[in-house]
Amino acid sequence: MVGIDKLELTTREWQVNSWRDSNLTLFPTPERAGVEVMEDYLIIRDRAGVEKRGQKAILNDPDSLFSLTLNQYGARLTLNPSKPYHPVNLCSDSFTLADRIGAVETRLREQGIFLNIADSKLSRIDLAKNVQCKNPVGYYSDVFKGLRLPRADRQVEFPEGYRSNNNSRSLIFYNKGQEVFQKTGDTTVLELHGNCLMRGELQYKKGSIPYQLKMKTYDDFNRAGMDYLQKRYRETMQKNVFKFESGEGLNLPIQYDEKTLLNELVSVLEQHPRNGYLKYRAMIGDRNIPLIGEALKTLQRPF
């Protein structure tokens, strides 16, 4: 199931009851040698009239449910409704999401901080899906080279993953078990899934959210529901990343040895690193795309 990996909301409608009881940390405007000192902005005026000036104030939840930043522009609330609850499983239904957003609001209220979450603007949405692959994630590194988002001007390859992005959207594939191990030292995911658990993420930022997802506020997001977001994820992966019409040709038989086919694809990519995948598609014909081999087929189908 497709789930929510991260949400970021911004609003100008917020209130702090008491600076003393808020647990916020104030950061003064940094001063650099040889650079004109910038003014400290009014960041907080609590209900008692206490004023605090600086660059920003931050509150990080001890259980990593959220991070709140206050500055002269307003409030930015970043939250992950999945990772704090489970190292792998994603928040993929509206009821669970509402409950976890409610938990964040409760913790903020306990600190005397109130935000208008419903009308907050969406500044980032990360949709993700976990797929148990037939082979280790590193096996697909050659396939990654031909996958990118439209108008993505940056591509980064790493040992067991790939990123394609621009300023408004990002596409990432990576070994989830290795990520958990490297960040926490926990080997449970690797023991259960080996190196075969791949996560595919689509990150939508700022202007791409109203354009691609047709929503602006958290209230819009809530009304759209998870079914809509899962549909948008699948459509983007099928049509824009793997460049297949959903379901088209997926049942065609593999006619050749998959190693041979993959080597052919690699050869074309080496000769034409910028557009080799498109050339290979043209060479074998769109209806025969599955003949690229099991590597591409097993990736495209679940995402």
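Each chain has its residues counted from 1, following the order in which its sequence is written. Selection of residues for local features in this predicted model requires a pLDDT of at least 70, selection of side-chain atom pairs for listing and counting requires 80 or more, and totals for whole chains, interfaces and linings are taken over all residues. To get the side-chain values, take all heavy atoms of the structure and skip hydrogens and water.

## A look at the overall build of the protein
Point 1. From N to C terminus, the protein includes nine helices and 14 strands.
Point 2. Expressed as a percentage of the 303 residues in the protein, the buried residues total 47%.
Point 3. Only heavy atoms matter for contacts: two residues are in contact if any of them lie within 4.5 Å across the pair. Pairs at least 24 residues apart make up 68% of the contacts formed inside the protein by residues separated by at least 6 positions.
Point 4. Summed over all atoms, the accessible surface of the protein reaches about 15900 Å², with 47% contributed by carbon and sulfur. Helical segments are the DSSP runs of H or I of at least four residues, strand segments are the runs of E of at least two, and each set is numbered from the N terminus. Burial classes: relative accessible area under 20% of the type maximum marks a residue as buried, over 50% as exposed, and values in between as partly exposed (1.4 Å probe, protein chains only). A 1.4 Å probe and the Shrake-Rupley method give the accessible areas. Residues count as covered only by the protein chains that appear here.

## With respect to the packing of aromatic side chains
Point 1. Pairing of aromatic rings covers Phe, Tyr and the six-membered ring of Trp, with a centre-to-centre limit of 6.5 Å; geometry is then stacked below 30 degrees between planes, edge-to-face above 60, and tilted otherwise. All chains considered together, the criterion is met by two aromatic pairs.
Point 2. Here tyrosine 139 and tyrosine 140 contribute two aromatic rings whose centre-to-centre distance is 5.1 Å and whose plane-to-plane angle is 85°, an arrangement assigned as edge-to-face.
Point 3. Residue tyrosine 140 is classed as buried on the basis of its relative accessible area of 0%.
Point 4. Relative to phenylalanine 221, the ring of tyrosine 218 has its centre 5.6 Å away and its plane inclined at 25°; by these criteria the two rings are stacked. Separated by three residues within a single helix, tyrosine 218 and phenylalanine 221 lie in helix H6 (residues 218-241), roughly one turn from each other.
Point 5. Judged by relative accessible area, which is 6%, tyrosine 218 ranks as buried.
Point 6. When the ring centre of phenylalanine 27 is taken as reference, the NZ or CZ atom of lysine 56 above it lies at 5.7 Å. Here, a charge over a ring means that NZ of Lys or CZ of Arg falls within 6 Å of the ring centre while also lying within 35 degrees of the ring normal.

## Overview of the sheet that holds strand S6 (residues 56-60)
Point 1. The sheet built from 10 strands is open, its strands ordered S3-S6-S7-S8-S1-S10-S14-S13-S12-S11 with antiparallel pairing. At either end of the open sheet lies a strand with only one pairing partner, and these are strand S3 (25-27) and strand S11 (154-158). Each neighbouring strand pair of the sheet contributes to a mean axis angle of 15°, computed without reference to strand direction.
Point 2. DSSP-based pairing: two strands are paired if at least 2 bridges between them are found. Two elements, strand S13 (residues 169-175) and strand S14 (residues 197-205), share seven bridges in a ladder whose sense is antiparallel. Bridge pairing in S14 links tyrosine 174 to arginine 199.
Point 3. Working convention: axes come from line fits to C-alpha atoms, limited for helices to the stretch in contact. Angles between N-to-C directions cover 0 to 180 degrees. Lying on the sheet, helix H1 (residues 94-110) is in contact with strand S1 (3-11), S6, strand S7 (66-71) and strand S8 (74-79); it crosses S7 at an angle near 50°.
Point 4. Helix-sheet contacts for helix H3 (residues 176-184) involve strand S10 (121-132), S13 and S14, and the interaxial angle to S13 is about 85°.

## A short note on the pairing of S13
Point 1. By the criterion of burial, S13 is predominantly enclosed, with seven of the seven residues buried.
Point 2. Burial of S13 is two-sided: the residues Arg169, Leu171, Phe173 and Asn175 facing one way and the residues Ser170, Ile172 and Tyr174 facing the other way are all buried.
Point 3. As paired strands, strand S12 (residues 161-165) and S13 are joined by five bridges and run antiparallel to one another. What sits directly across from asparagine 165, in S13, is serine 170.
Point 4. Between S12 and S13, which pair antiparallel in sequence order, lie three residues.

## Regarding the packing of H1 against H6
Point 1. Running from amino to carboxyl end, H1 crosses H6 at an angle of 150°, the nearest separation of the two axes being 9 Å. On the basis of their axis angle, the class for H1 and H6 is roughly antiparallel. Here H1 contributes Ser94, Leu97 and Ile101 to the contact with H6, which in turn contributes Tyr218, Phe221, Gly225 and Met226.
Point 2. The class makeup of the residues in the contact of H1 with H6 is five nonpolar, two polar and no charged. For classification, angles of less than 35 degrees are called roughly parallel, those exceeding 145 degrees roughly antiparallel, those between 65 and 115 degrees roughly perpendicular, and all remaining angles oblique. As a working rule, the residues Ala, Val, Leu, Ile, Met, Phe, Trp, Tyr, Cys and Pro are called nonpolar, Asp, Glu, Lys and Arg charged, and the rest polar, with Gly in that last group.

## Topic: H1
The periodicity of an α-helix, 3.6 residues per turn, causes residues three or four places apart in sequence to face the same way.
Point 1. Here a helix's expected span is defined as the number of its residues, less one, multiplied by 1.5 Å. With 17 residues, H1 extends 24 Å from end C-alpha to end C-alpha; this agrees with the ideal 24 Å at 1.5 Å per step.
Point 2. The complete set of buried residues in H1 reads Leu97, Arg100, Ile101, Val104 and Leu108. Buried residues along H1 cover an arc of 100° about the axis, so they all sit on one side. In this structure, H1 carries Phe95, Asp99 and Glu110 as exposed residues pointing more than 90 degrees from its buried face.
Point 3. Between a side-chain oxygen at the N-terminus of H1 and the backbone nitrogen of phenylalanine 95 the separation is 3.1 Å; the capping residue is aspartate 93.
Point 4. With its phi angle positive at about 75°, glycine 112 sits one or two positions after the end of H1. Here, the arc refers to the directions that run from the helix axis to the C-beta atoms. By the criterion applied in these results, polar contacts are pairs of N or O atoms within 3.5 Å in which, for protein atoms, one can donate a hydrogen and the other can accept it, and in which residues neighboring in sequence qualify only through two side-chain atoms.

## Quick word on the environment of arginine 148
Point 1. With respect to the element layout, arginine 148 can be found in the loop between helix H2 (141-144) and S11.
Point 2. With 92 residues separating them in the primary sequence, arginine 148 and asparagine 240 have C-alpha atoms 7.9 Å apart.

## Quick notes on the nonpolar core
Point 1. To qualify as a nonpolar core, a set must consist of buried Ala, Val, Leu, Ile, Met, Phe, Trp, Tyr and Cys residues joined through side-chain atoms within 4.5 Å. Membership of the largest hydrophobic core comes to 56 residues, with the highest contact counts inside it found for Leu7, Leu68, Leu70 and Phe221.
Point 2. Element by element, the count of residues in this core is highest for H6, at seven residues.
Point 3. Excluding residues within four positions of it along the chain, leucine 7 makes contact with Leu77, Thr78, Leu79, Leu97, Ile101, Leu122, Arg124, Ile125, Tyr218 and Phe221.

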